[in-house]
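A look at the structure
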Amino acid sequence: GFFAVCNAILEDSDVELMSTLLDTIGKAIGKAIDKAIVYGKGIKMPLGFITRLAQQEKPSDYADTEREWKDLHTSNIITITGKTGLELFKEIVKALKVIKNDYSTDGLVWVMNQNTHIDLLVEAMGANMNAAIVSGMTQNTMPVVGGTIEELEFMADGDIAFGYCNLYLLVQRHGTQLGQSEHVRFLEDQTVFKGTARYDGKPVIAEGFGLMNISGKTPTTEVLFSPDKANPQDAQLTSLTIGSLNLFPKFDANTYEYMLNTKDATNKITATPSNKKAEVTIKNGETPVTNGQNATWVDGENKLTVEVEFMGVTQVYTVTVNKAAATA
């Protein structure tokens, strides 16, 4: 990401604002990596272990040489209802039965937000023989079974993700790069601050992870990510054909409005996205059209829309199709 700051603000600041801004970008990248490790979609970001647990069928790009794929969305995602105090912690310990660990000697990690962490501290409270209020839970360790508690604020209230993090493979493709430049916004007298990083990753042994909700709610298996506005071409088409007809103007990926004339009652619509994983939705008016199949025209004006969506970025191509009325 990047942002611009007026140079006058930088010059008049009583603190080292420039270094503070760069440090903040670095922290933001770190938070983004954490979020991707847990909930990443696996497209232009790591595949999160919760995302993998929620999969109900083997992805088409899952390699034959990988570990045997298993459906874990019912076994490793659980809900705990109506339990408090000691009974709640008993259920948390029982939840460890769902994860399988033949490969890790590292300790467990428990991921939750601050609210959930506080709720656990409260549920572990009691009074000792001196009538002093105590908690059977140290601040950053899960009682009985142990394991480090990590607070991540993108987790939903009541959700606790758990597992062995060394069963997750994270690859740094290109390390974090932070910088600033006055050239980009020279005329505006602004300095642009930018941060980049490239990572890939996935849970190599998905059975080593689990997700629970201790508030009786269905655990959250998907969260929003910021759209990838830096690469708009991923939400574009490389070609759009309507039968053998000629679009006007000639098709260009960066042109989004067209028209054509036809005498045909139907024509085959073929839309090819730039990114093969992009989702293409075609409509003739309000009628859905399957990509590669025919659209049926009425006499007069028809409005054909082709929507391309990828990672939160959407582009819509519009074609006005004018069909001549049939002559006797």
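Below is a short write-up of the structure. (Residues numbered from 1 in each chain as written. Predicted model: local features only at pLDDT ≥ 70, side-chain atom pairs only at ≥ 80, totals over all residues. Heavy atoms only, no water.)

**Some details on the packing of aromatic side chains**
The final tally for this structure, using the stated rule, is seven aromatic pairs. Ring plane angle 35 degrees and centroid distance 5.9 Å describe the contact between phenylalanine 251 and tyrosine 317, whose orientation is recorded as tilted. Here phenylalanine 251 is found in the loop between β11 (237-242) and β12 (257-262), whereas its partner tyrosine 317 is found in strand β18 (residues 313-323), with 66 residues between them in sequence. On the basis of relative accessible area, tyrosine 317 is assigned to the buried category, the value being 0%. Taken together, the ring pairs connect Phe251, Tyr256, Tyr258 and Tyr317 into an aromatic cluster. (Phe/Tyr/Trp six-rings, centres within 6.5 Å; stacked < 30°, edge-to-face > 60°. Helix = DSSP H or I, 4+ residues; strand = E, 2+ residues; numbered from the N terminus. Buried < 20%, exposed > 50% of the residue type's maximum accessible area, 1.4 Å probe, protein only.)

**A short note on a negative patch on the surface**
Negative charge collects at one region of the surface, where Asp34, Asp119, Glu150, Glu151, Glu153 and Asp157 lie side by side. With respect to the helices and strands, aspartate 119 occurs in helix α5 (residues 114-123). According to the relative accessible area criterion, aspartate 119 is partly exposed, its value standing at 43%. (Patch = residues over 30% accessible without salt bridge, like charges linked within 9 Å, V, L, I, M, F, W, Y side chains within 5 Å. Areas by Shrake-Rupley, 256 points an atom, 1.4 Å probe, with all protein chains shown as cover. Salt bridge = Lys/Arg side-chain N within 4 Å of Asp/Glu carboxyl O. Lys, Arg positive; Asp, Glu negative; His and termini not counted. Charge placed at Lys NZ, Arg CZ, Asp CG, Glu CD.)

**A few points about helix α2 (residues 17-39)**
For α2, built from 23 residues, the straight-helix expectation of 33 Å at 1.5 Å per residue is met to within 8% by its first-to-last C-alpha distance of 32 Å. Along α2, the residues classified as buried are Leu17, Leu21, Leu22, Ile25, Ile29, Ile33, Ala36, Ile37, Val38 and Tyr39. Those residues of α2 hidden inside the fold are in contact with β1 (2-6), α1 (7-12), α3 (49-54), β7 (159-163), β8 (168-181) and β9 (190-203). (Expected span 1.5 Å × (residues − 1). Contact = heavy atoms within 4.5 Å.)

**Regarding the nonpolar core**
Counting residues in each nonpolar core, the largest one holds 76 residues, and the members touching the most others are Ile92, Trp110, Leu120, Met212, Leu240, Ile269 and Val319. Dropping the residues within four chain positions of it, leucine 120 is found in contact with Leu88, Phe89, Ile92, Met112, Met137, Met142, Ile160 and Ile214. (Core = buried A, V, L, I, M, F, W, Y, C linked by side-chain atoms within 4.5 Å.)

**A look at the layout of surface pockets**
If you add up the space inside the second largest pocket, you get close to 950 Å³. Along the walls of the second largest pocket sit 35 residues, with Lys41, Gly42, Leu47, Gln55 and Pro59 positioned nearest its centre. Put simply, the parts of the chain that give the lining of the second largest pocket at least two residues each are α3, β8 and β9. In terms of residues, the lining of the second largest pocket owes the most to one element, β9, which gives four residues. (1 Å grid on protein atoms, 1.4 Å probe; cavity = no way out; pocket = protein on both sides within 12 Å on 5 of 7 lines; lining within 4 Å. Points joined across faces, edges and corners; volume = space filled by probe spheres on them.)

**Regarding the side chain of asparagine 7**
As for its placement among the helices and strands, asparagine 7 is situated in helix α1. Take asparagine 7: its relative accessible area is 8%, and that puts it in the buried class. A polar contact of 2.8 Å, which involves the side chain of asparagine 7, links it to the side chain of aspartate 189. If we skip the residues at most four places from it in the chain, asparagine 7 touches Asp189, Gln190 and Thr191. (Polar contact = N/O pair within 3.5 Å; in protein donor to acceptor, adjacent residues only side chain to side chain.)

**Quick notes on the side chain of threonine 262**
Locating threonine 262 in the fold gives a position in strand β12. Judged by its relative accessible area of 5%, threonine 262 is buried. Here the side chain of threonine 262 touches asparagine 267 through a polar contact of 3.5 Å, side chain to side chain.

**Quick look at helix α4 (residues 85-95)**
Buried within α4 are the following residues: Gly85, Leu88, Phe89, Ile92 and Ala95. For α4, the buried positions fall inside an angular range of 110 degrees around the axis, keeping them on one side. (Arc of directions from axis to C-beta.)

**Notes on unusual backbone geometry**
Of the consecutive residues phenylalanine 248 and proline 249, the connecting peptide bond is found in the cis state with omega at -5 degrees. Along the chain, the position of proline 249 falls in the loop between β11 and β12. A positive phi angle, near 60 degrees, is found at lysine 44, a position not held by glycine. Topologically, lysine 44 is positioned in the loop between α2 and α3. Overall, lysine 44 belongs to the partly exposed group, its relative accessible area being 46%. The backbone of aspartate 189 sits at a positive phi, close to 55 degrees, despite the residue not being glycine. Relative to the assigned elements, aspartate 189 resides in the loop between β8 and β9. Note on aspartate 189: relative accessible area 44%, which makes it partly exposed.

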